[in-house]
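The chain contents come next:
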Amino acid sequence: MFLLALVMGFLGCIDVSSGFPDGAPIEACILPQPNRPNHAGTKPLPPHLAPYSFTASSDSYAPGQPISVQISGGPFKGFFVQARDAITNDWIGEWVQQDNNKVFPECSAVTHTHPGSKNKVSLTWRAPHGAGSGKVYFIGTILEKYDRYWSDMKAQVGPRRSGNRSPISPFNF
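Residues numbered from 1 in each chain as written. Predicted model: local features only at pLDDT ≥ 70, side-chain atom pairs only at ≥ 80, totals over all residues. Heavy atoms only, no water.

## Considerations on the overall build of the chain
Point 1. Regarding its fold elements, the chain presents 1 helix and 11 strands.
Point 2. The order of α-helices and β-strands along the chain, N terminus first, is α-β-β-β-β-β-β-β-β-β-β-β.
Point 3. Here the chain holds 173 residues, and the buried ones make up 38% of them.
Point 4. The contacts in the chain between residues at least 6 apart in sequence include a share of 71% that link residues at least 24 apart.
Point 5. A total of about 9,400 Å² of accessible surface is found on the chain, and carbon and sulfur atoms cover 58% of it. (Helix = DSSP H or I, 4+ residues; strand = E, 2+ residues; numbered from the N terminus. Buried < 20%, exposed > 50% of the residue type's maximum accessible area, 1.4 Å probe, protein only. Contact = heavy atoms within 4.5 Å. Areas by Shrake-Rupley, 256 points an atom, 1.4 Å probe, with all protein chains shown as cover.)

Here's what the structure looks like:
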């Protein structure tokens, strides 16, 4: 009986350490600190030290306009990105469903669908059709592994800058 309990406890630890191999759960939208994984005993690393590029093709939109969002820079396992109105901070627009992502239209979010290593992810967000023009920002988390991730990353507009630093910044208001 003791051996069974020990084995079950060990297997439970393995399961927890694997994180969410098929993407973040919908609850990631409404956690007390949205866009942050709820990984026990871990904290996000400072966004300005992330080895990734997180960019958006624009921060302005017209009705129905698509905006490209990219994450690149080295192997990573997962991501969770939300689109937010730059004035109201409300969730806005919708992500285009692709083979390697899962969208949460309830909170304008997108996440990965498989645990394999990724070097680059290209996403497409579409502005609401019934709204006028406006400003949007993209914020999220990039996960290298269960206990190594960067949260509150805000996509920079435009191509990656030269040099070793990636064009990310902490989420500030």
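## Quick word on the nonpolar core
Point 1. In this structure, F54, F79, V81, W95, W125, V136 and F138 are the most contacted members of the largest nonpolar core, which totals 25 residues.
Point 2. Here this core takes 4 residues from strand β3 (residues 66-76), the largest share from any one element.
Point 3. W125 has contacts with Y61, Q65, P66, I67, A83, I92, G93, E94, W95, S108, V136 and F138, leaving out every residue within four places of it along the chain.
Point 4. By size, the runner-up hydrophobic cluster in this structure holds 5 residues, among which are C29, F80, C107 and A109. (Core = buried A, V, L, I, M, F, W, Y, C linked by side-chain atoms within 4.5 Å.)

## Considerations on the pairing of strand β9 (residues 134-145)
Point 1. Across 2 bridges, strand β2 (residues 60-61) lies against β9 in antiparallel orientation. Bridge assignment links S60 to a residue of β9, and that residue is K135.
Point 2. The pairing of strand β4 (residues 78-85) with β9 spans 8 bridges and is classified as antiparallel. In the strand pairing of β9, F79 is matched with I142.
Point 3. Pairing of β9 with strand β10 (residues 148-157), which is carried by 5 bridges, proceeds in the antiparallel orientation. Looking at β10, one finds that G140 is bridged to M153.
Point 4. Joining the antiparallel neighbours β9 and β10 is a turn of 2 residues. (Pairing = 2+ DSSP bridges.)

## Re the packing of aromatic side chains
Point 1. Under the defined criterion, the tally for this structure stands at 5 aromatic pairs.
Point 2. Seen in terms of ring centroids, W125 and F138 are 5.6 Å apart; in terms of plane orientation they differ by 75 degrees. Their pairing is edge-to-face. In this pair, W125 sits in strand β8 (residues 118-126) while F138 sits in strand β9, placing the two residues 13 residues apart along the sequence.
Point 3. Ring pairs connect the aromatic residues Y61, W95, W125 and F138, which therefore count as one cluster.
Point 4. Just above the ring of Y137 sits the side chain of K154; from NZ or CZ to the centre is 4.9 Å. (Phe/Tyr/Trp six-rings, centres within 6.5 Å; stacked < 30°, edge-to-face > 60°. Lys NZ or Arg CZ within 6 Å of the ring centre and 35° of its normal.)

## Examining the pattern of salt bridges
Any two side chains of opposite charge can pair, so long as their charged atoms come close to each other.
Point 1. Enumeration over the complete set of coordinates arrives at 2 salt bridges.
Point 2. Ionic pairing is found between R148 and E144, a salt bridge with its closest N-O pair at 3.1 Å.
Point 3. Classification of E144 as partly exposed rests on a relative accessible area of 25%. (Salt bridge = Lys/Arg side-chain N within 4 Å of Asp/Glu carboxyl O.)

## As for unusual backbone geometry
Point 1. The backbone phi angle of N89 is positive, close to 70 degrees, even though this residue is not glycine.
Point 2. For N89, the position within the fold is in the loop between β4 and β5 (94-95).
Point 3. With relative accessibility at 26%, the residue N89 sits in the partly exposed group.
Point 4. The residue S108 is not glycine, and still its phi comes out positive at about 45 degrees.

## Things to note about the confidence of the model for the chain
Point 1. Averaged over all residues, the pLDDT of the chain equals 79, while 69% of them reach at least 70.
Point 2. Residue range residues 1-19 is modelled with pLDDT below 50. Its contacts to residues more than four positions away, or to other chains, number 4 contacts.
Point 3. Under a pLDDT of 50 for its full length, residues 160-173 has, in the predicted model, 40 contacts with residues more than four places off or in other chains. (pLDDT = per-residue confidence, 0-100.)

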